[in-house]
Amino acid sequence: MTQVPDQGAIRGRSLFSSARDSFRLLMEDNFAVVGVAILAIFVLLAIIGPWLAPYEPFKAMMTETGRLNRLSPPNATHLLGTTAFGNDVLSQFLHGFRVALIVGLVAALAVGFISTVFGVLSGYFGGYVDDVLMRLTDIALSIPTLPFAIVAVALLGPSIENIILVITILFWRNGARIIRSAVLTERERIYVKWARAAGASHFHIIMRHILPNIVRIVFLWVTMSVAFAILTEASLSFLGLGDPTVVSWGQMLNTAFSSGNLRTAWWWVVPPSLALVLLVSSLYLIGRAYEEQTNPRLRRR
């Protein structure tokens, strides 16, 4: 006799309840709490940073004698000193928080959406849909990351929008394959087969049975994509391909390097470098902890 699965398995879960359970699991890990705390501080500074900045980021500071206040070390007037062009480092540093978070979040959401659409459609429907979408993914995977990013931004023009577009084009491909593999497993579950036999639509099955059960994979990929996006933007800006109209941490490092003060003006170099390390580390702490909490094998170990 065929065993009927319990009603909870047939009913499935909503995306909201899955996200709520995921956050609850995340908060049970001390490393995740540290990562979330650091990330929350960065988000807060991204929101209020421009208002905390004492000066405009590109404003040239002058001395009392009317000369350009170049490479001044930290003091009471300029807490993080000045650049070789007389700009206040603290003001540029605070403006950089918003750029990093905007690029990271927008690019990661775009990457997560495209990866999820490709992965779910390919894994769930299979057949010709799977062949077409995975061949497109294979073509995308053959593109070298950094050379393509450099050429694309150089051709499109150095702007935040173009950097986000290039990051989205480059990083959705790996996530599509990861999510597809999870969907291939989920579509063979007994509750999915029962829902299909009961006449449920493909949309209903995907939204109620597939997506809620792969949300942890999507969350992990989006978290990692934020880190990838921030590092890619910083790398492109350091190479001189960043948006010249806004201040980012990579651009600060590029200006320090091109002016020949990368090794001497530590107050100019350390803040953006340390911020990048802390921000990316917080995201990896969250991702590692979440994977450990949702993976029984890792949790037992």
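Structure: above.
Parameters at a glance
- Residues numbered from 1 in each chain as written.
- Predicted model: local features only at pLDDT ≥ 70, side-chain atom pairs only at ≥ 80, totals over all residues.
- Heavy atoms only, no water.
- Helix = DSSP H or I, 4+ residues; strand = E, 2+ residues; numbered from the N terminus.
- Buried < 20%, exposed > 50% of the residue type's maximum accessible area, 1.4 Å probe, protein only.
- Contact = heavy atoms within 4.5 Å.
- Areas by Shrake-Rupley, 256 points an atom, 1.4 Å probe, with all protein chains shown as cover.
- Expected span 1.5 Å × (residues − 1).
- Bend = angle between axes of the 7 residues up to and from the residue.
- Salt bridge = Lys/Arg side-chain N within 4 Å of Asp/Glu carboxyl O.

The next subject is the overall build of the protein. Scanning the protein from terminus to terminus reveals 12 helices and 0 strands. Burial status across the protein gives 46% buried among its 301 residues. Here the analysis covers contacts within the protein between residues at least 6 apart in sequence; of these, 72% occur between residues at least 24 apart. In the structure as shown, the protein presents an accessible area of about 15,600 Å², 67% of it carried by carbon and sulfur atoms.

Within the element layout of this structure, L236 appears in helix α9 (residues 202-238). For the pair formed by L236 and G250, sequence separation is 14 residues and the distance between their alpha carbons is 7.4 Å. In this structure L236 touches A149, I150, V153, I163, L241 and G242, once residues within four positions along its chain are discounted.

Now for α9. A rise of 1.5 Å per residue sets the reference length of α9, with its 37 residues, at 54 Å; its end C-alpha atoms lie only 46 Å apart and thus fall more than 12% short of the reference. Where α9 bends most, at L211, the angle is about 50°, and the proline P212 comes one to four residues later. Looking one or two residues beyond α9, the residue adopting positive phi is G240, at roughly 90°.

In total, this model carries 6 salt bridges according to the counting rule given. Between D138 and R135 there is a salt bridge whose closest N-O contact spans 3.0 Å. Taken together, the positions of D138 and R135, both in helix α5 (residues 127-141) and 3 residues apart, correspond to about one turn of that helix. For D138, a relative accessible area of 28% gives the class partly exposed. Among the ionic pairs, R177 bridges to D138, the shortest N-O distance being 2.4 Å. Of this pair, R177 sits in helix α7 (residues 160-186) while D138 sits in helix α5, and the two are 39 residues apart along the sequence.

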